[in-house]
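# A structural walkthrough
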Amino acid sequence: MKATCFMGRNTVEVQEVPDPRILNARDAIVKITSTAICGSDLHLVDGYVPTMMHGDVLGHEFMGEVVELGSQVDNLKIGDRVVVPFCIACGVCTACQKELYSLCENSNPNAWMAEKLWGHAGAGAFGYSHLTGGYAGGQAEYARVPFADFGPLKVPDGMPDEQALFLSDILPTGYMGADLCDIEPGDVIAVWGCGPVGQFAIASAFLLGAERVIAIDRFPYRLQMAREHSGAETINYEETNVPDALREMTAGRGPDACIDAVGMEAHGHGPMYAYDRVMQASRMETDRPIALREAIMACRNGGTVSVLGVYGGFIDKFPMGSVMNRALTIRTGQTPVQRYMRPLLERIQNGEIDPTFIITHTLPLEQAPHGYDIFKHKLDGCEKVVLKPGMTPAA
Ligand SMILES: [Zn+2]
Ligand SMILES: [Zn+2]
């Protein structure tokens, strides 16, 4: 089959690889109809996540048709359309019983690697380095889905792929970012990053009752999407000093909650940014926490900082004094997608949210390298790329 493979830092190629096979009784094989490129795939390709190997199949956002089933999967039939959560969860361990599906204790065969870096391991995930199990990803024609009797969600008849696909990761992730803020009427929420997750965090904050949402980015087309689609107020950090602007917009108090939808490859200005570039390039720190530091410093006393951006390891110059003295709460996590999929599917069916607004490009799978290029470099107004195996390239 054809699959999108990591071929070394900054190199993505579509290659012929062996078809996946059923290995365990709870596996399914899914023929992929739609898959997407995620901001966190860029961290892998840019070389910021350890344990990626030459030839690893990328992709953790995918959906398709069940074509083969292990003997113990009795809730799915051949031919069912399913959307697959990025984190792999058994459904029965202690973590899964607490609905902490992204921390499943049974799905990461390489837990020992993650324990070295993080103390304890999280769940396995598709296409996301060997730290999370080394599972082949879904930017491919087929994928093997472990614990298929628990994770995948059946897509209602008549719902287009585009409406269901983002239930695999970024819609639950953006929604969780707002959910973790415990929004109360009148709240002002600031969101760093207007990529796909940021856009869904903004829309979800309004859905959960925020009075105002302030979106921060440097790309005018992304800020425009946040304004026009969701009604956010916007700050372009290349033109405006963000801390000053936020103080001014919130009567000096700061936003009630701040959401970091940027993560480890943040951009910025000034000596702190230069410091982080040097520290990261020399491997003295793994991540550049520019947006996170700014979100902490900007948040109102007693407020919440909700961290959706991906971090890999260790950060430097973390403003713990601000967190402690001002009684901030930091909440974060890889999203337990399985907990959010069903309620969000209902919100899509009720018309409360239409996740298709972020899609700017739909390409055949073969053009995945081009998709990575325009997404990474923010070319051609790129917000979100959907890849379709079997789609004929436009003439
Ligand atoms: Zn993703
Ligand atoms: Zn589990």
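The structure reproduced in this document is the subject of the present report. Worth saying up front: this structure is predicted, and the values here are computed from it rather than measured. (Residues numbered from 1 in each chain as written. Chains lettered and ligands numbered in written order. Predicted model: local features only at pLDDT ≥ 70, side-chain atom pairs only at ≥ 80, totals over all residues. Heavy atoms only, no water.)

## Some points on the coordination of the zinc ion (ligand 2)
We count it as follows: Donors, by definition, are the N, O and S atoms found within 2.8 Å of a metal, the threshold being 3.2 Å for Na, K and Ca, and water is not counted, so a site can look incomplete. Angular criteria define each label, namely tetrahedral for four donors with all angles between 85 and 135 degrees, square planar for four and octahedral for six donors with opposite donors over 155 degrees apart and remaining angles between 65 and 115, and irregular for whatever fails these tests. Elements are defined by DSSP. Helices are runs of H or I of four residues or more, strands are runs of E of two residues or more, and each kind is numbered from the N terminus. Residue burial is assigned from relative accessible area. The probe radius is 1.4 Å, only protein chains are included, and a residue is buried under 20% of its type maximum, exposed over 50%, and partly exposed in between.
The protein atoms that coordinate the zinc ion (ligand 2) are Cys-90 (SG), Cys-93 (SG), Cys-96 (SG) and Cys-104 (SG), at distances of 2.3 to 2.4 Å. Note that the zinc ion (ligand 2) binds 4 donor atoms; their angles at the metal cover 103 to 116 degrees, and the shape is tetrahedral. Mapping the donors of the zinc ion (ligand 2) onto the primary sequence gives the spacing C-x2-C-x2-C-x7-C. On the criterion of sequence distance, the pair formed by Cys-90 in the loop between β7 (87-88) and α2 (94-97) and Cys-104 in the loop between α2 and α3 (111-118) is long-range, its members being 14 residues apart. There is no split in this pair, since Cys-90 and Cys-104 are both buried.

## Here we look at unusual backbone geometry
Look at Ser-129: it is not a glycine, yet its phi comes out positive at around 80 degrees. Relative to the helices and strands, Ser-129 resides in the loop between β8 (124-125) and β9 (142-145). By relative accessible area, Ser-129 is classed as buried at 2%.

## Description of the packing of helix α5 (residues 170-179) against helix α6 (residues 196-207)
What counts here: Between N-to-C directions, angles span 0 to 180 degrees; the directions come from axes that are lines fitted to C-alpha atoms, helices contributing only their stretch in contact. For classification, angles of less than 35 degrees are called roughly parallel, those exceeding 145 degrees roughly antiparallel, those between 65 and 115 degrees roughly perpendicular, and all remaining angles oblique. The sense of a crossing depends on the near helix, which, turned anticlockwise from the far helix by less than a right angle, makes the crossing left-handed and, turned clockwise, makes it right-handed. By the convention used here, residues are in contact when the closest approach between their heavy atoms is within 4.5 Å.
It is the contact of α5 with α6, at a shortest axis distance of 7 Å, that shows an interaxial angle of 50 degrees. With respect to α6, the element α5 is oriented oblique. When you trace α5 past α6, the crossing you get is right-handed. Contact residues: Ile-170, Leu-171, Thr-173, Gly-174, Tyr-175 and Ala-178 in α5; Pro-196, Val-197, Phe-200, Ala-201, Ser-204, Ala-205 and Leu-207 in α6.

## Here's the deal with α6
Using the following cut-off: To estimate how far a helix should extend, the number of its residues minus one is multiplied by 1.5 Å.
Taking 1.5 Å as the rise per residue, α6 with 12 residues should run 16 Å; its terminal C-alpha atoms sit 16 Å apart, in good agreement. For α6, the complete set of buried residues consists of Pro-196, Val-197, Gly-198, Gln-199, Phe-200, Ala-201, Ile-202, Ala-203, Ser-204 and Ala-205. Where α6 is buried, its residues touch α5, β11 (188-192), β12 (212-217), α7 (220-230), β14 (257-260) and α13 (368-376). Following α6 by one or two positions, Gly-209 adopts a phi angle in the positive range, close to 105 degrees.

## Some points on the environment of Val-307
Take Val-307: it is sitting in strand β15 (residues 304-307). Here the alpha-carbon distance between Val-307 and Val-278, two residues 29 residues apart in the chain, equals 23 Å. Not counting residues within four places of it along the chain, the set of residues in contact with Val-307 comprises Asp-260, Leu-292, Ile-330, Arg-331, Thr-332 and Gly-333.

## So, the coordination of the zinc ion (ligand 1)
Only Cys-38 (SG), His-60 (NE2), Glu-61 (OE) and Asp-169 (OD) from the protein coordinate the zinc ion (ligand 1), and they sit 1.9 to 2.2 Å from it. In this structure, the zinc ion (ligand 1) is coordinated by 4 donor atoms arranged in tetrahedral fashion, with angles at the metal of 92 to 132 degrees. Binding-site remark: the zinc ion (ligand 1) is held by donors from one chain whose sequence spacing is C-x21-H-E-x107-D. Residue Cys-38 is located in the loop between β3 (28-36) and α1 (39-45), and its partner Glu-61 is located in strand β5 (residues 61-69); the two are separated by 23 residues in the primary sequence.

## Points about the pattern of salt bridges
Note the cut-off: For this document, the term salt bridge refers to a Lys or Arg side-chain nitrogen within 4 Å of an Asp or Glu carboxyl oxygen.
Counted according to the given criterion, the structure contains 15 salt bridges. Across the salt bridge formed by Asp-149 and Arg-26, the nearest N and O atoms sit 3.0 Å from each other. In this pair, Asp-149 is assigned in the loop between β9 and β10 (153-154) and Arg-26 in the loop between β2 (12-16) and β3, connecting sequence segments 123 residues apart. Owing to a relative accessible area of 24%, Asp-149 belongs among the partly exposed residues under this scheme.

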